[in-house]
Amino acid sequence: MSIASSGLITTNREPLATYHTYEEAQKTVDYLSDHGFPVKGTLIVGVGLRSVEQVVARMTYLRAAGWGALSGAWFGLLIGLFFGIFAARPGAWLTLLLWGLLWGAVAGAIFGLIAHAVHGGRRDFVSESSLVADRYEVLVESEHAARAHELIRKPAG
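Below is a summary of the structure that appears in this document. Remember, it's a predicted structure, so these values are computed and weren't measured experimentally. (Residues numbered from 1 in each chain as written. Predicted model: local features only at pLDDT ≥ 70, side-chain atom pairs only at ≥ 80, totals over all residues. Heavy atoms only, no water.)

### Some thoughts on helix α1 (residues 22-34)
An α-helical turn contains 3.6 residues, so a residue and the one three or four places further along point in the same direction. End to end, α1 covers 18 Å across 13 residues, agreeing with the expected 18 Å (1.5 Å per residue, within 8%). Listed as buried for α1 are Ala25, Thr28, Val29 and Leu32. Looking down the long axis of α1, one finds its buried residues gathered within 95° of arc, a one-sided arrangement. Across from the buried face of α1, at angles greater than 90 degrees, the exposed residues are Lys27 and Asp34. The inward-facing, buried residues of α1 abut β1 (13-19), β2 (43-47), β5 (135-141) and α4 (145-153). Backbone geometry just downstream of α1 places Gly36 in the positive-phi region, at approximately 80°. (Helix = DSSP H or I, 4+ residues; strand = E, 2+ residues; numbered from the N terminus. Expected span 1.5 Å × (residues − 1). Buried < 20%, exposed > 50% of the residue type's maximum accessible area, 1.4 Å probe, protein only. Arc of directions from axis to C-beta. Contact = heavy atoms within 4.5 Å.)

What follows is the structure in structure tokens.
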């Protein structure tokens, strides 16, 4: 079943073309735009979506502490900077910044270790999630469909 026939957000839109990759669909919309086509309201619709989770590493206590320390260091840096701005003594901001960084890293590492231990080995890996479509349909507003078809049929050059 085509997304154009599903009627969700596609009312008053017609299918122009179908592609295997998002980049191909994007190139078509860019081509239309470059040739003066009113692209406002044009849709690129991913059809047949799947969630893909790619495992990139094993989560160890050392890695959990490292990621926690890194996150905590950023937060501590922010807090140190905030207190440093309002420091009464000139030059104290650098000291506050460094102490915030240090204590943030320590607290983050501890939190990372605790969070990993609480999972009890149920998720001992790091992964990246993404959505992948089987195909991408370009839909244009019905009133401009004839012009869009004409433009993409023209030979390049």
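### Notes on the sheet that holds β1
Each strand in a sheet pairs with its neighbour through backbone hydrogen bonds, running either in the same direction (parallel) or in the opposite one (antiparallel). Pairing in this open sheet of three strands is antiparallel, and the strands run β1-β5-β2 from one edge to the other. The open sheet has two edge strands, β1 and β2, and neither has a second partner. Taking the axes of each pair of neighbouring strands and ignoring which way they run, one obtains an average angle of 30° across the sheet. Of the pairings in the sheet, the one linking β1 to β5 comprises six bridges and is antiparallel in character. Looking across to β5, one finds that Thr18 is bridged to Glu137. Docked against the sheet, α4 engages β1 and β5, running at close to 25° with respect to β1. (Pairing = 2+ DSSP bridges. Axes fitted to C-alpha atoms, helices over the stretch in contact; angles between N-to-C directions.)

### A word on the packing of α1 against α4
The description of two packed helices rests on the angle between their axes and on the distance between the axes. At a minimum axis distance of 10 Å, the contact between α1 and α4 shows a crossing angle of 105°. In terms of orientation, α1 and α4 fall into the roughly perpendicular class. Together, Thr28, Tyr31 and Leu32 of α1 and Ala148, Leu151 and Ile152 of α4 make up the contact between the two elements. Looking at the contact of α1 with α4 residue by residue, the classes come out as five nonpolar, one polar and no charged. (Parallel < 35°, antiparallel > 145°, perpendicular 65-115°, else oblique. Nonpolar A, V, L, I, M, F, W, Y, C, P; charged D, E, K, R; others polar.)

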